[in-house]
Amino acid sequence: MAEPMRVVVLVSGSGSNLQSLIDTVHEPGGDIEIVLVVSSHEGVPALDRAVRAGIATAVVGMSGRDRDERDRALADLVEAASPGLVVLAGWMSILTGEFLDRFPDRVINLHPSLLPSFPGLHAIEQALAWGVRYTGVTVHYAEEVVDGGPPILQEPVAVMYGDDAEALTARIREVEHRLVPEAVRLFAAGRVRRDPSDRRKVEIVPGEGE
Ligand code: GRF
């Protein structure tokens, strides 16, 4: 069996994706353990969810310093938790190489569209406004180019005629709450591999018996 996977989750708001990780893959002392939740903002529901699950929390905001300083402080804090994987689950603050380079190929981000379509903020509203028949969910490697890292998992979500942002968001959340735990399980099983000859290509290595 692979080493137990220590996971750090970065959040900024409601934490419904954190909650789905807590409810599905989190196992204190088990194969996958969320060891720390860090929020960019105080007083958000995601922090309450972590506390209820007995998971250590921290808040690392910009607090008037520049981004590089914040990212160095954040990386020091996260590194101290010795994560095998860092999951950006609704983390809404741009991260520079000061942070990302400390955890090469171990930071993944969740985005509510089929990247490269609709990167950045309000991806769901962008998809509705464009009139696409399908949007979706992407879990990808986090890189300095916002939402630019290569996808690891993607799943389409149909846009129904008459959908408003609320209806489409609910449909997208359901997929997110399945895809993020699936990505964490794949990493814990050592089944995600970036092609060294073409780092935009990501291989999901078949599981035993697949
Ligand atoms: C998710 O839709 C994620 O894709 C986006 O922010 C939302 C976070 O939701 N980046 P939650 O905080 O996990 O509920």
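Structure's up top.
Since this is a predicted model, take the numbers as computed values, not measurements.

Undergrad: Help me out: how do you make sense of the packing of aromatic side chains in this one?
TA: According to the stated counting rule, one finds two aromatic pairs in the structure shown. Relative to phenylalanine 103, the ring of phenylalanine 99 lies with its centre 5.0 Å away and its plane at 45 degrees, an arrangement referred to as tilted. With respect to burial, phenylalanine 99 and phenylalanine 103 carry one shared label: buried. Above the ring of tyrosine 141, the side-chain terminus of arginine 194 is found at 4.7 Å from the ring centroid.

Undergrad: Is there a simple way to think about the sheet that holds strand β1 (residues 5-11) in this case?
TA: As a general point, the strands of a sheet are linked pairwise by backbone hydrogen bonds and lie either parallel or antiparallel. A sheet is described by the order of its strands in space; here seven strands give the open sequence β3-β2-β1-β4-β5-β6-β7, paired in mixed fashion. If you trace the sheet from one side to the other, it starts and ends with β3 (57-59) and β7 (151-158), each paired once. Pairs of neighbouring strands in the sheet enclose a mean axial angle of 20 degrees, with direction left out of account. Two strands pair when backbone bridges link them, and strand β5 (residues 107-111) and strand β6 (residues 134-141) are joined in this way by four bridges, in the antiparallel orientation. Within β6, the position partnered with asparagine 109 by the bridge is histidine 140. Packing of helix α1 (residues 16-24) onto the sheet brings it into contact with β1, β2 (32-39), β4 (85-88) and β5, and relative to β2 it is tilted by some 160 degrees.

Undergrad: What is the right way to look at the pattern of salt bridges in this model?
TA: Any two side chains of opposite charge can pair, on the condition that their charged atoms come close. Within the structure shown, the criterion is met by twelve salt bridges. Arginine 194 serves as the salt-bridge partner of glutamate 143, at 2.7 Å between the closest nitrogen and oxygen. On the criterion of sequence distance, the pair formed by glutamate 143 in the loop between β6 and β7 and arginine 194 in strand β8 (residues 192-194) is long-range, its members being 51 residues apart. In this structure glutamate 143 comes out as partly exposed when scored by relative accessible area, which is 29%. Residues joined in a network through salt bridges with shared partners are Asp105, Glu143, Arg194 and Arg199.

Undergrad: In this structure, what is going on with unusual backbone geometry? I would like to understand it.
TA: Leaving glycine aside, a negative phi is the common case for residues, and trans is the common case for peptide bonds. The step from leucine 115 to proline 116 runs through a cis peptide bond, and the omega angle for that step is 10 degrees. Summarising the element assignment, proline 116 is placed in the loop between β5 and α5 (123-130). The phi torsion at serine 63 lies on the positive side, around 40 degrees, for a residue other than glycine. In this structure, serine 63 sits in the loop between β3 and α3 (67-79). For aspartate 105, which is not glycine, the phi dihedral falls at a positive 60 degrees. Summarising the element assignment, aspartate 105 is placed in the loop between α4 (97-100) and β5.

Undergrad: Quick question: what am I supposed to make of the site of the ligand here?
TA: Around the ligand, a shell composed of Ser14, Gly15, Ser16, Asn17, Gly90, Met92, Leu110, His111, Pro112, Arg173 and Glu176 is seen. A distance of 2.8 Å is found between an oxygen atom of the ligand and a backbone nitrogen or oxygen belonging to glycine 15. Between the ligand and arginine 173 there is a distance of 2.6 Å, counted from an oxygen atom to a side-chain nitrogen or oxygen. Where the shell around the ligand is concerned, the elements lending two or more residues are α1, β5 and α6 (165-188). Each residue belonging to the shell around the ligand can be placed in one class, and the counts come to three nonpolar, six polar and two charged.

Rules and cut-offs
Residues numbered from 1 in each chain as written. Predicted model: local features only at pLDDT ≥ 70, side-chain atom pairs only at ≥ 80, totals over all residues. Heavy atoms only, no water. Phe/Tyr/Trp six-rings, centres within 6.5 Å; stacked < 30°, edge-to-face > 60°. Buried < 20%, exposed > 50% of the residue type's maximum accessible area, 1.4 Å probe, protein only. Lys NZ or Arg CZ within 6 Å of the ring centre and 35° of its normal. Pairing = 2+ DSSP bridges. Helix = DSSP H or I, 4+ residues; strand = E, 2+ residues; numbered from the N terminus. Axes fitted to C-alpha atoms, helices over the stretch in contact; angles between N-to-C directions. Contact = heavy atoms within 4.5 Å. Salt bridge = Lys/Arg side-chain N within 4 Å of Asp/Glu carboxyl O. Near = heavy atom within 4 Å. Polar contact = N/O pair within 3.5 Å; in protein donor to acceptor, adjacent residues only side chain to side chain. Nonpolar A, V, L, I, M, F, W, Y, C, P; charged D, E, K, R; others polar.

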